[in-house]
Amino acid sequence: MRTKLVCVAGALGALWGMAAMAAEPPAAALSPASQMLVDRLKQADTNHDGNVTKAEWETLVKARFASFDTNADGKLSADEVAGMLASSPNTSSMSVADVTKTYDTDGDGMVSQKEYVDRNLSRFDAWDLNHDGTISADEQKTEIDRMEAMPPR
Ligand SMILES: [Ca+2]
Ligand SMILES: [Ca+2]
Ligand SMILES: [Ca+2]
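Just so you know, these numbers come straight off a predicted model, no measurement behind them.

Conventions and cut-offs
Residues numbered from 1 in each chain as written. Chains lettered and ligands numbered in written order. Predicted model: local features only at pLDDT ≥ 70, side-chain atom pairs only at ≥ 80, totals over all residues. Helix = DSSP H or I, 4+ residues; strand = E, 2+ residues; numbered from the N terminus. Buried ≥ 20, exposed ≤ 12 C-beta atoms within 10 Å, placed from the backbone. Contact = placed C-beta atoms within 7 Å. Core = buried A, V, L, I, M, F, W, Y, C linked by C-beta atoms within 7 Å. Arc of directions from axis to C-beta.

> Describe the overall build of the protein chain, listing the residues and the values that go with them.
Counting its regular elements, the protein chain contains seven helices and four strands. Order of helices (α) and strands (β) in the protein chain, N terminus to C terminus: α-α-β-α-β-α-α-β-α-β-α. A total of 153 residues make up the protein chain; the buried ones form 14% of that total. Excluding contacts between residues fewer than 6 apart, the proportion of contacts in the protein chain whose partners are at least 24 apart in sequence is 48%.

Printed below as a string of structure tokens:
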């Protein structure tokens, strides 16, 4: 009897493992904000080792800035910030002025590449709990869990 139970548990475990390998985590279980971060981190992990290094993150952040900076002057104007917001389901309800203010540390009304990159690198530092310059899978999970625990705004 006991053997049989163990077998069943083993088979279920194997099935579970296959399901987990076959697909992404159950998408519906995550809020849009968390799902976006999961996708972003996956996108950043260009060598697919499950860890996101600071260099990988910075490369992604710079590429994203360039994609928003449609006239390529190295700064995001209000129009370009509006485009950035529209591209993301997570921030589309935020105002251009609020978002600009979040990034615009020198107060010139534009988001420079440095302002954008610095802010995203400081987010990285906050996620990198053991400060080894890499966001491990565990650290990614910690941040996602933290976001999931926050009340929806
Ligand atoms: Ca990596
Ligand atoms: Ca600025
Ligand atoms: Ca780390």
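> Could you give an account of unusual backbone geometry, with specific residues and numbers?
The backbone phi angle of His48 is positive, close to 55°, even though this residue is not glycine. Looking at where His48 falls in the secondary structure, it is placed in the loop between α2 (32–44) and β1 (52–53). Positive phi is not limited to glycine here, since His131 has a value of about 50°. By secondary structure assignment, the location of His131 is in the loop between α6 (113–127) and β4 (134–135). Accessibility expressed as a C-beta count within 10 Å gives 7 for His131, which makes it exposed.

> Pulling in residues and values, what's your account of the nonpolar core?
In terms of nonpolar packing, the biggest core is built from 13 residues, with Val52, Trp57 and Leu76 touching the most fellow members. Those elements that place two or more of their residues in this core are α2, α3 (54–68), α4 (78–86) and α6. Top element by residues in this core is α3. It accounts for three residues. Not counting residues within four places of it along the chain, the set of residues in contact with Trp57 comprises Ala44, Val52 and Phe124.

> I'd love a proper account of the environment of Ser112, names of residues and values included.
By the secondary structure assignment, Ser112 is in strand β3 (residues 111–112). By C-beta crowding, Ser112 is classed as partly exposed, having 19 other C-beta atoms within 10 Å. Distance from Ser112 to Phe65, taken between C-alpha atoms, is 9.1 Å for residues 47 residues apart in sequence. Among residues more than four places away in sequence, those in contact with Ser112 are Gly74 and Lys75.

> Give a description of α4 that names residues and reports values.
Along α4, the residues that are buried comprise Glu80, Val81 and Met84. End-on, the buried residues of α4 take up no more than an arc of 100°, which puts them together on one face. In α4, the exposed positions angled more than 90 degrees off the buried face are occupied by Asp79 and Ala86. At its buried positions, α4 is contacted by α3, β2 (75–76), α5 (96–103) and β3.

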